[in-house]
Each structure stands twice: as C-alpha cells, then as structure tokens.
Amino acid sequence: AVDIVFNRRFVGRQGEEQLEVRTYARQMIIRQSNVTERSLVTNCRLVNTGRSDDNPNGFMIEGLTIIENKDLITTKRTLSQ
C-alpha cells in the first residue's frame, strides 16, 4: 500500500511550479522461509516539466530524501507437507 501526501505547492527559483510530497509505503516480502513487512517513507519535490513520450506524467523528482527504510516485522513460515 502506498499513501502520497502533498504537503504544499510553491514556485521554484526558475518560476516552475513545484509540489512537496511525502510518500508512505509498506511492502510485504514473501519468501519460502519467512514473511517480512517493510516500511518506506520518503520526501521529495516534484517539478512540473510538461508531458512528453519519455515523461508521460510530466514531473521530475528533485531532492529525494529517504526518511525511513526498515523492517517492521519478520515472521517465520512453517512448511507443511
């Protein structure tokens, strides 16, 4: 699951529109021996660059900072026969 929070909208130094974004994500990694739930929290600025074939969303990520990247819980799996 991923939650994206748009903190604020502002104009950058070159006059381009920017968005400050914080992303909260959780990931389940399922292995044969265990299941691990991970948490990732990042912060960045999205600069509006206009859409193109190479950039269909029209944004460039700047100043990406990883705030949290950790395992929350690991559970061993029992293999039944």
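Computed from a prediction, not measured in an experiment: that's the story for all the values here.

(A) Representation of the overall build of the chain in the model. Across its full length, the chain holds 0 helices and 4 strands. Counted from the first residue to the last, the chain has its helices and strands arranged as β-β-β-β. Residues classed as buried in the chain amount to 26% of the 81 residues present. Within the chain, counting contacts between residues at least 6 apart in sequence, those at least 24 apart form 41% of the total.

(B) Expanded view of the pattern of salt bridges. Across all of its chains, the model carries 4 salt bridges by this definition. For E37, the salt bridge is made with R26, and the minimal N-O distance between the two is 2.9 Å. Here the residue E37 occupies a position in strand β3 (residues 34-48), and R26 occupies one in strand β2 (residues 17-30), the gap between them amounting to 11 residues. Put simply, R45 and E62 hold a salt bridge, and the shortest N to O gap is 3.6 Å.

(C) Fine view of the pairing of β3. In terms of burial, β3 is a largely internal element, 12 of the 15 residues being buried. In this structure, β2 lies alongside β3, joined through 13 bridges in antiparallel fashion. Directly across from V21, in β3, lies its bridge partner C44. Connecting β2 to the antiparallel partner β3 that follows it, the hairpin turn spans 3 residues. Inspection of the sheet shows β3 paired to strand β4 (residues 59-76) by 14 bridges, in the antiparallel sense. Paired with V41 across the bridge in β4 is E68.

(D) Expanded view of the confidence of the model for the chain. Per-residue pLDDT for the chain averages 84, and the proportion of residues at 70 or more is 80%. By mean pLDDT, the top-scoring element of the chain is β4 (94), and the lowest-scoring one is strand β1 (residues 2-11) (66).

(E) Main features of the side chain of N34. If you trace the backbone, N34 turns up in strand β3. Apart from the residues within four sequence positions on either side, N34 is in contact with I29, T74, T75, K76 and R77.

(F) Structural detail: the environment of M28. With respect to the secondary-structure elements, M28 resides in strand β2. In sequence terms M28 and T74 are 46 residues apart; their C-alpha atoms lie 9.7 Å from each other. With residues up to four places along the chain from it excluded, the contact list for M28 reads V35, T36 and E37.

Criteria and cut-off values
Residues numbered from 1 in each chain as written. Predicted model: local features only at pLDDT ≥ 70, side-chain atom pairs only at ≥ 80, totals over all residues. Heavy atoms only, no water. Helix = DSSP H or I, 4+ residues; strand = E, 2+ residues; numbered from the N terminus. Buried < 20%, exposed > 50% of the residue type's maximum accessible area, 1.4 Å probe, protein only. Contact = heavy atoms within 4.5 Å. Salt bridge = Lys/Arg side-chain N within 4 Å of Asp/Glu carboxyl O. Pairing = 2+ DSSP bridges. pLDDT = per-residue confidence, 0-100.

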